[in-house]
Amino acid sequence: MNKIAAFAPPPTSGCTCFRLRRASRRVTQFYERHLEPSGLKVTQFGLLSGIRACGSISITELADAMGMDRTTLTRNLRPLLDQQLVIVREGADRRTRAVELTVEGEDAFRRAAPLWKQAQASLITTIGPERVVHLHQLLDESVDQLGQA
C-alpha cells in the first residue's frame, strides 16, 4: 500500500470530515484555476454572488446563508472591502451592519461569472451529470440534517 492510499480508508470507515475537506480543497483548486483571470478566489466570487442576489444583507444573515461564523465572514470580506468591491453600511438599526456590492463589485462579478460558468460546465463534464446531481442532493440533505442536529 502506498502512503497516499493510507489516507483513503474504506468507504464505511475513516473520518468524514477529512474526506469532505479533501474534496473541498480539490474542488476549490479546480474552480480557482478557472477563475484565475478574474483575480477573484472562489470564496470571494461566492460572497459577491450571495451579496448580489440579496442587494443589501446584514452581516449576520450573510454569515448564516453562507454557512460561516461572523468572524470567518469578516475575514473573508476584508479583501473585498480593500478592493472596494463591497461596502459595509449601518443596517436596519445601529447595532447591525449591512454589506452590499459597489459598482466595482458588480463589474468584478460580471467579469468572473462566465469563468465560473466554464468551471461548472467543466466539473459536470469531468464528474458526470448524474453524479453531480446526486452529489448536490446528498450534500444539501446532509447540511439540512446537520443543521437540525
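The rules behind the values
- Within any chain, residue numbers begin from 1 and follow the written order of that chain's sequence.
- pLDDT decides what is reported in this predicted model: residues at 70 or higher carry local features, side-chain atom pairs at 80 or more are listed and counted, and totals for whole chains, interfaces and linings draw on all residues regardless.
- As a convention, hydrogens and water are excluded, and side-chain values are obtained from all of the structure's heavy atoms.
- In the sections that follow, a salt bridge refers to a side-chain nitrogen of Lys or Arg positioned within 4 Å of a carboxyl oxygen of Asp or Glu.
- Here a strand is any run of E in DSSP of at least two residues, a helix any run of H or I of at least four, and the numbering for each starts at the N terminus.
- Two strands qualify as a pair provided that DSSP identifies no fewer than 2 bridges between them.
- Axes here refer to lines fitted to C-alpha atoms; in helices the fit is confined to the stretch in contact. Angles between the N-to-C directions go from 0 to 180 degrees.
- By definition in these notes, contact holds between two residues if any of their heavy atoms fall within 4.5 Å.
- Each helix should span, by expectation, one fewer than its residue count multiplied by 1.5 Å.
- The angle separating two fitted axes, one through the seven residues that finish at a residue and one through the seven that start at it, defines the bend at that residue.
- An angle below 35 degrees is read as roughly parallel, one above 145 as roughly antiparallel, one from 65 to 115 as roughly perpendicular, and any other as oblique.
- Ten residues, namely Ala, Val, Leu, Ile, Met, Phe, Trp, Tyr, Cys and Pro, are considered nonpolar, four, namely Asp, Glu, Lys and Arg, are considered charged, and the remaining ones, Gly among them, are considered polar.
- A clockwise turn of the near helix away from the far one marks a right-handed crossing, whereas an anticlockwise turn of less than a right angle marks a left-handed crossing.
- The rule is short: rings of Phe, Tyr and Trp, with Trp giving its six-membered ring, pair when the centres are within 6.5 Å, and they are stacked under 30 degrees, edge-to-face over 60, tilted in between.
- To sort residues, take the accessible area from a 1.4 Å probe on protein chains only and compare it with the maximum for the residue type: under 20% means buried, over 50% means exposed, and anything in between is partly exposed.
- For patches, a residue must show more than 30% relative accessible area and have no salt bridge; joins then use 9 Å for like charges and 5 Å for nonpolar side chains, namely Val, Leu, Ile, Met, Phe, Trp and Tyr.
- Only the protein chains shown count as cover for residues, with accessible areas throughout obtained via the Shrake-Rupley method and a probe of 1.4 Å.

A. Layout of the pattern of salt bridges. Applying the stated criterion to the full structure yields four salt bridges. One salt bridge in this structure joins Arg110 and Glu106, with 2.9 Å as the shortest N-O distance. Taken together, the residues span about one helical turn, with Arg110 and Glu106 both in helix 5 (residues 103-127) at a distance of four residues.

B. Representation of the sheet that holds strand 2 (residues 86-90) in the model. Strands sit in the order 1-3-2 across an open sheet of three strands; the sheet is antiparallel. For this open sheet the edge positions go to strand 1 (56-58) and strand 2, each flanked by a neighbour on one side alone. Across the sheet, the mean angle from the axis of one strand to that of its neighbour is 30 degrees, orientation sign disregarded. In this sheet, strand 3 (residues 97-101) lies alongside strand 1 in antiparallel orientation, the contact comprising three bridges. If you follow Ser56 over to strand 3, its bridge partner there is Glu100. Set on the sheet, helix 2 (residues 42-54) makes contact with strand 1, strand 2 and strand 3; between it and strand 3 the angle comes to about 100 degrees. Against the sheet, helix 4 (residues 70-82) touches strand 2 and strand 3, its axis set at about 110 degrees to strand 2.

C. Seen up close, helix 5. Helix length check: helix 5 (25 residues) gives 36 Å between terminal C-alpha atoms against 36 Å at 1.5 Å per residue, within 8%. At Ala112, helix 5 is bent by approximately 30 degrees, the largest bend along its length, and proline Pro114 sits one to four residues beyond. Looking at the packing, one finds that the buried side of helix 5 touches helix 1 (16-35), helix 2, strand 3 and helix 6 (129-148). The first or second residue beyond helix 5 is Gly128, which carries a positive phi of 105 degrees.

D. Expanded view of the packing of helix 3 (residues 59-66) against helix 4. Running from amino to carboxyl end, helix 3 crosses helix 4 at an angle of 100 degrees, the nearest separation of the two axes being 9 Å. On the basis of their axis angle, the class for helix 3 and helix 4 is roughly perpendicular. Judged by residue contacts, Ile59, Thr60, Leu62 and Ala63 of helix 3 engage Arg70, Leu73 and Leu77 from helix 4. Residue classes in the contact of helix 3 with helix 4 are distributed as five nonpolar, one polar and one charged.

E. Summary view of the packing of helix 2 against helix 5. At a minimum axis separation of 10 Å, helix 2 and helix 5 run at an interaxial angle of 115 degrees. For the pair helix 2 and helix 5, the sense of crossing is left-handed. Where helix 2 abuts helix 5, its residues Phe45, Leu48, Ser49 and Arg52 lie against Gly105, Glu106, Ala108, Phe109, Arg110, Ala112, Ala113 and Trp116. Considered class by class, the residues forming the contact of helix 2 with helix 5 number seven nonpolar, two polar and three charged.

F. Inspection of the packing of aromatic side chains at higher detail. Evaluated as defined, the whole model comprises three aromatic pairs. Look at Phe30 and Tyr31: their rings are 6.1 Å apart centre to centre, the planes differ by 70 degrees, and that puts the pair in the edge-to-face class. Of the residues examined, Tyr31 reaches a relative accessible area of 7% and is grouped as buried. The interplanar angle of 20 degrees and the centroid separation of 6.2 Å between the aromatic rings of Phe45 and Trp116 together place this pair among those described as stacked.

G. Layout of a nonpolar patch on the surface. Taken together, the side chains of Leu20, Leu135 and Leu139 present a nonpolar region at the surface, about 240 Å² in accessible area. Taking the relative accessible area as the measure of exposure, Leu135 reaches 37% and is therefore partly exposed.

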